[in-house]
Amino acid sequence: MSLLTGSANCIKYVLFAFNLVFMLTGIILIAVGVGVAAIYTEYEAFLVSKFFSIPTFLIVIGSFIIVISFFGCWGALKENYCLVLTFSVLLGMIFILELAAGISGYVLRSDAESLIKVTLTDSMKEYNSNHTNDVTILWDYVQRTFTCCGVESYKDWDPILKGELPLSCCRTPVGHVGAFTCTTNNEDVNRYSLGCLSEFSNYIAAHAVSLGAAGVVIAIIQFFGVLFACYIAREIKIRNGITGFMG
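Residues numbered from 1 in each chain as written. Predicted model: local features only at pLDDT ≥ 70, side-chain atom pairs only at ≥ 80, totals over all residues. Heavy atoms only, no water.

A. Region of the structure containing the state of the cysteines. For the structure on display, the rule yields three disulfides. For cysteine 149, the disulfide goes to cysteine 169, at an S-S distance of 2.1 Å. Its torsion about the S-S bond being 80°, the disulfide of cysteine 149 and cysteine 169 is classed as right-handed. Of the two residues, cysteine 149 sits in the loop between helix 4 (134-145) and helix 5 (158-161) while cysteine 169 sits in the loop between helix 5 and helix 6 (196-240), which places them 20 residues apart along the sequence. Each member of the pair cysteine 149 and cysteine 169 is classed as buried. At a sulfur-sulfur separation of 1.9 Å, the disulfide partner of cysteine 170 is cysteine 182. Every disulfide takes its handedness from the sign of the S-S torsion; for cysteine 170 and cysteine 182 that torsion is 75°, giving right-handed. (Disulfide = S-S within 2.5 Å. Helix = DSSP H or I, 4+ residues; strand = E, 2+ residues; numbered from the N terminus. Buried < 20%, exposed > 50% of the residue type's maximum accessible area, 1.4 Å probe, protein only.)

B. Region of the structure containing the environment of aspartate 188. Within the secondary structure, aspartate 188 is located in the loop between helix 5 and helix 6. Its relative accessible area of 13% is what places aspartate 188 among the buried residues. A sequence separation of 18 residues divides aspartate 188 from cysteine 170, and the C-alpha atoms of the two residues are 8.9 Å apart. Those residues in contact with aspartate 188, other than ones at most four positions away along the chain, are Cys170, Thr181, Cys182 and Thr183. (Contact = heavy atoms within 4.5 Å.)

What follows is the structure, given as structure tokens:
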């Protein structure tokens, strides 16, 4: 028999419904974290460890949410004070962690360009056209994908390749037959005019923003869950005549 009546009983079922939503938000956090981590892994040689910490953090939080949502569901249906209280405390902790992850995502967006500039500049020294390595493959991929050349301009390659440029710095003319060269000549209309730093860092920063947005939005939703759970725990405590914090 239910100990709760009226508005408290209604909120109990609202809390149960919220827990199903919480479980869904946990799955969403895991999906966002895995998706962004996969994208970052594709450019791993150009990114510092800080870029991987936030998606990993969200994956862990998402997994934790799925687990604690069972506390909330069971506690709400059974009107168990200890379970609902435990759920309230854990959800409060999750709220703080998600908010921190969300803010970190936005901070990372602001720092993305300066962090990436350092790694791009350092990685250029490992570019080797004679013995292909991961950095060479990634530089060619980035330059072709973002139609760019060098970090801030094609001149960044001068100290590394002694006046020459990777072929990925130029677009191949349509219908071209035979040998093709990419030059530093100012009249070379096929050479990409922009450096890779701006477009590439914007691309990486946009995914950092998606991590931040996911963390903040879901934290706000779960804040209401904390309020509901605290209210239900209080009503159960009063109706059971429980004294003290844990009864």
